[in-house]
Amino acid sequence: MALPAIRAWREEHPDAVLDILCRAPVAGFWPMAPGIGDVLTTGTSLADMRATAAVLRDRGYRQAFILPNSFRSALPSWLARIPTRRGFAGGLRTMLLTDPVPRSMLPVDAHQSEEMLVILHVEGEVNRPLPRLEIPPEVEAEAEALLDGCRDGCVLGMIPGAARGPSKRWPPDRFADVANRVLAARPGVVVLTGGPGDREICAEVAGRIDGRSLNLAGRTSLPTWAAILRLCDAVVCNDSGGMHVAAAVGTPLVAVFGMTDPSKTGPLGENSRVVQASGIRSRAIRRDSEAARKSLEAVTSERVYGELSSLLAAVTSTTT
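Now for a description of the structure that goes with this document. If you're wondering where the values come from, they're calculated on a predicted model, not measured in any experiment.

### Comments concerning the overall build of the protein
Of regular secondary structure, the protein possesses 12 helices and 11 strands. Here the C-alpha atoms of the protein give a radius of gyration of 20 Å, agreeing with the 20 Å that 2.2 N^0.38 yields for 320 residues. Taken along the three principal axes of its C-alpha coordinates, the protein extends 60 × 45 × 40 Å. Residues counted as buried form 49% of the 320 residues belonging to the protein. Carbon and sulfur atoms provide 52% of the accessible area of the protein, an area that totals close to 14800 Å². One way to put it: in the protein the 36 positive side-chain charges average out to a point 6 Å from where the 35 negative ones average out.

### Quick notes on the pattern of salt bridges
This model, assessed by the stated rule, comprises 16 salt bridges. Close ionic contact of Asp 19 with Arg 59 constitutes a salt bridge, the shortest N to O distance being 3.4 Å. With Asp 19 in the loop between helix H1 (3-12) and strand S1 (20-23) and Arg 59 in helix H2 (residues 46-59), the pair connects residues that are 40 residues apart, well separated along the chain. Salt-bridge contacts for Asp 288 lead to Arg 286; the nearest nitrogen and oxygen are separated by 3.3 Å. For Arg 286, a relative accessible area of 56% translates into the label exposed. Because the salt bridges share partners, they merge into one network encompassing Asp 19, Asp 38 and Arg 59.

### Quick notes on the side chain of Thr 193
Counting through the fold element by element, Thr 193 comes out in the loop between strand S7 (188-192) and helix H7 (199-208). On the basis of relative accessible area, Thr 193 is assigned to the buried category, the value being 1%. Within the structure, Thr 193 has its side chain in polar contact with the side chain of Trp 225 (distance 2.8 Å).

### Some remarks on unusual backbone geometry
Residues apart from glycine generally show negative phi values, whereas peptide bonds are mostly found in trans. Phi angles above zero are rare outside glycine, and Arg 81 is one such case at about 60 degrees. With relative accessibility at 53%, the residue Arg 81 sits in the exposed group.

Rules behind the numbers
Sequence order as written defines the numbering, with residues in each chain counted from 1. Where totals are concerned, whole chains, interfaces and linings use all residues; where local detail is concerned, this predicted model gives features only for residues with pLDDT of at least 70, and gives and counts side-chain atom pairs only at 80 or more. Derived side-chain values reflect all non-hydrogen atoms in the structure, with water molecules and hydrogen atoms excluded from consideration. Helix numbering and strand numbering both begin at the N terminus, where a helix is a DSSP run of H or I of at least 4 residues and a strand a DSSP run of E of at least 2. Based on C-alpha atoms, the radius of gyration is set beside the globule rule, defined as 2.2 Å times the residue count to the power 0.38. Accessibility here uses a 1.4 Å probe with only protein chains present; expressed as a share of the type maximum, an area under 20% marks a residue as buried, one over 50% as exposed, and anything in between as partly exposed. In these tables, accessible area is a Shrake-Rupley quantity obtained with a 1.4 Å probe, and a residue counts as shielded only by the protein chains included in the view. The charged-residue count follows a simple rule in which Lys and Arg add positive charge and Asp and Glu add negative charge, with His and chain termini not counted at all. All charge positions are set by atom: Lys at NZ, Arg at CZ, Asp at CG, Glu at CD. Throughout this description, the term salt bridge denotes a Lys or Arg side-chain nitrogen within 4 Å of a carboxyl oxygen of Asp or Glu. Each polar contact in these results corresponds to two N or O atoms within 3.5 Å; when the atoms are within protein, one needs to be able to donate a hydrogen and the other to accept it, and residues that are neighboring in sequence are counted only if both atoms are side-chain atoms.

From the geometry alone we can't say anything about function, so treat these as descriptive.
Next up, the structure:
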């Protein structure tokens, strides 16, 4: 969500230093983002925050853009006494900011990526770039080695997991049905990807696939995961972080949405398609929402396969 705003900000400030502070699990993501300097990490305890603040203070930062909306995300820059601290106002965190931004400044029906443009002071009629990740050659070589012997036909990536749980997970049997339809129509392999927490659901999908499949869930670093997605001809996924990574590496994708709003959090990509059955859309969906689960079940594998087939046909036509 932050990549378009960071790219636009970098175009306006080509000589400025722009470092990133993030949690350790996503630190591998940021070196792939063009225009980023150093990547610093922080833990979640108060002791971690104080240690991070000391590092920030020693580095002498003059300005902090706080992109997440939590109180905790605003704490390190406040403890470090960075002179300008800009982020969205909200609750107690407002007192940690020197430049709290009211949400009334947001455009009506703004995509979440546009919220980041407001925080980074990218104003006016600017070019809104799509997110883009650059895969280092050594990481791409690692991904190619993992897919060795699998690229003699269609490579279909699947991301059946989602950190938000059942309210964002299309049923595993639907993923498998789409995979079997693709493999019945053309030679290829299905590559299942995700983090360590996705191993079980990826194994369940793999067990239902009649043809070739490769389960890489939990077996790669974040950069290698991105590189694998880039090597896929297309990806089928849920509304998840993996969806956004696939879009950022330029891979065509079909994303299944339940009740979350794709106009707010949908994939940003030229070849990204969303399939959704629910007429109710919101950003505030509980992890265990029964209504969201039923809305996902209402999305048929036929619909997803139809969208995917047209994407794969387009890929084939551009490579022949």
